Amino acid sequence: MKVIVCGAGLVGSTIARQLAAEGNEVTMIDVSADRANKAAESYDLRAIVGHASHPDVLEQAGASEADMLIAVTFADEVNMVACEVAHALFKVPTKIARIRAQGYLRPEWSDLFNEKHISIDFIISPEIEVARAIHRRILTPGAFDMIPFAGDRLRLVGIRLEEDCPVLNTPLRQLTGLFPDLALNICGIIRHGAMLVPDADDHLEADDEIYICVLSAHLPRAMRIFGHEEREARRIVLSGGGNIGLFLAREIQESQPSVLLKVIEANRERAEYIASALKNAVVLHGDALDQEIQQEAKVGAAETIIALTNDDEVNILTSLLAKQAGAQRAITLVNNPAYDTLIGSLGIDVVVNPRSTTVSSILQHVRRGRIRAVHSLYDGAAEAIEAEAQQTSALVGKPLSELDLPDGLKIGAILRGDTVEIARGDSEIEAGDRVILFARRDAVKKVEKLFAVRLEFF
């Protein structure tokens, strides 16, 4: 597949790296020669210096032969124009644009983005996606990640294991015997920074971070088995009232009306706007690092502190001070990947990376085959994929124990009509089933082939 990525920032570089590593022909466009050249040197791709919305630059990038254009520059307007030029002049089949300004996304302007006006096939709004990702984590106390499937009847949950986890050093094959009526699969283990897809002979160790596929109704019991009995937060302090903060606050108030919500915002005008936009929330104007503001917000009595300012350092310090004051859980927005290796040792419970969240949204539209949903995990080290099995797929008609699955791939669950089944060795996939898979980065292309529609299907 030939893909043009417009913008060599964190999101553009991540998606370009991932697509190039999978064998796609990637061309990157950026106005900065330094960013473009760095991308070309770091990844197996072609880089062009110029404005992504200019026809001559898109022509140089090979737009006339491109299968897809992904516009993730820093300017919404450049992203929109790049997609329209790619459509009008070069007939690029698929155009994806990142749009940050919420004014463009209001329901009354929904006709703006179509072939008659601005031709964009898929719009990615990072602020909304990040807010929803944080809210999922709030609803799953004790987890560092949570992704719902099948109308939230099934969840993929990330859990960090502590020294007091009751099932440490237990071979995974024994867990089924110990808990025969518990519907879950351990799909991935992050150990010493490496992503492992376990087999039945593997075991769990303290400080592992695991991903489990579990029926939502069984999640509370599963969390207890893995050493987590945290309760859902009733007192939440939110630091940073930007687009993410305001959208998240509204989500919390709509779904959890009993939560006592306090918002700290440094800009007075913005604080006043938030106060008028939210009902039953306490909005404080001030610096979240100020001790008096923390005391006024009663940060130490909060079950959860959520740090969402535009400054990574402020978010990290706000979370650490809140934990020191007595807050039970800290959720922290961090953009800079340089902090990734430090966060876990600092005691922050959940780190939300806007880059990974945005990349997940884009990958959903990039993946080939009958792929219905994609979620990037652990900075792209693995993906959670929902795919539809066709009659011609090699997965159909045999017990899973008899399938020769690629290394780095695990089937977590099977969705058939209204039924959700945690995958076991004797489970069989039928044509039309939706399959939830956990795939390490190096296995993703093999997943696409397994779920591709072959010619004989027609």
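Residues numbered from 1 in each chain as written. Predicted model: local features only at pLDDT ≥ 70, side-chain atom pairs only at ≥ 80, totals over all residues. Heavy atoms only, no water.

1. Describing the packing of aromatic side chains
Scanning the model with the defined rule gives two aromatic pairs in all. Between F144 and Y211, the aromatic rings sit 5.6 Å apart at their centres with planes inclined by 75°, giving edge-to-face as the arrangement. Note that F144 is positioned in strand β7 (residues 143-149) and Y211 in strand β11 (residues 209-215), a separation of 67 residues in sequence. Y211 matches F144 in its accessibility class, with the two residues each being buried. (Phe/Tyr/Trp six-rings, centres within 6.5 Å; stacked < 30°, edge-to-face > 60°. Helix = DSSP H or I, 4+ residues; strand = E, 2+ residues; numbered from the N terminus. Buried < 20%, exposed > 50% of the residue type's maximum accessible area, 1.4 Å probe, protein only.)

2. A closer look at the domain arrangement of the protein
For the protein, the domain assignment lists domain 1 (2-124), domain 2 (235-352) and domain 3 (359-451). On a C-alpha basis, the centres of domain 1 and domain 3 stand 28 Å from each other. The interface is formed by 15 residues belonging to domain 1 together with 14 residues belonging to domain 3. For the pair domain 1 and domain 3, the two sides together bury roughly 1,300 Å², of which 67% comes from carbon and sulfur. By the criterion of area lost to domain 3, the three top residues of domain 1 are Q18, E22 and I124, representing 40% of everything that side buries. Between domain 1 and domain 3 we count zero salt bridges in total. Taken together, the connections running from domain 1 to domain 3 amount to one residue pair in polar contact (both at pLDDT 80 or more). Only α1 (10-21), β4 (68-71) and β6 (122-124) provide two or more residues apiece to the side of domain 1 that touches domain 3. Sorting elements by how many residues they give to the side of domain 1 that touches domain 3 places α1 first, with six residues. Taken together, the residues of the side of domain 1 that touches domain 3 sort by class into nine nonpolar, three polar and three charged. (Domains from an automatic or database assignment. Contact = heavy atoms within 4.5 Å. Buried area = accessible area lost by both parts, 1.4 Å probe. Salt bridge = Lys/Arg side-chain N within 4 Å of Asp/Glu carboxyl O. Polar contact = N/O pair within 3.5 Å; in protein donor to acceptor, adjacent residues only side chain to side chain. Nonpolar A, V, L, I, M, F, W, Y, C, P; charged D, E, K, R; others polar.)

3. Description of the pattern of salt bridges
Throughout the structure, instances matching the rule amount to 22 salt bridges. For E386, the salt bridge identified is with R372, shortest N-O distance 3.6 Å. Placement of E386 in strand β19 (residues 382-388) and of R372 in strand β18 (residues 371-377) is noted, with a sequence separation of 14 residues between them. For R372, a relative accessible area of 41% gives the class partly exposed. R372 serves as the salt-bridge partner of E388, at 3.5 Å between the closest nitrogen and oxygen. Here E388, found in strand β19, pairs with R372, found in strand β18; they are 16 residues apart in sequence, far enough to count as distant. Linked through salt bridges whose partners overlap, the residues forming this network are R372, E386, E388 and R434.

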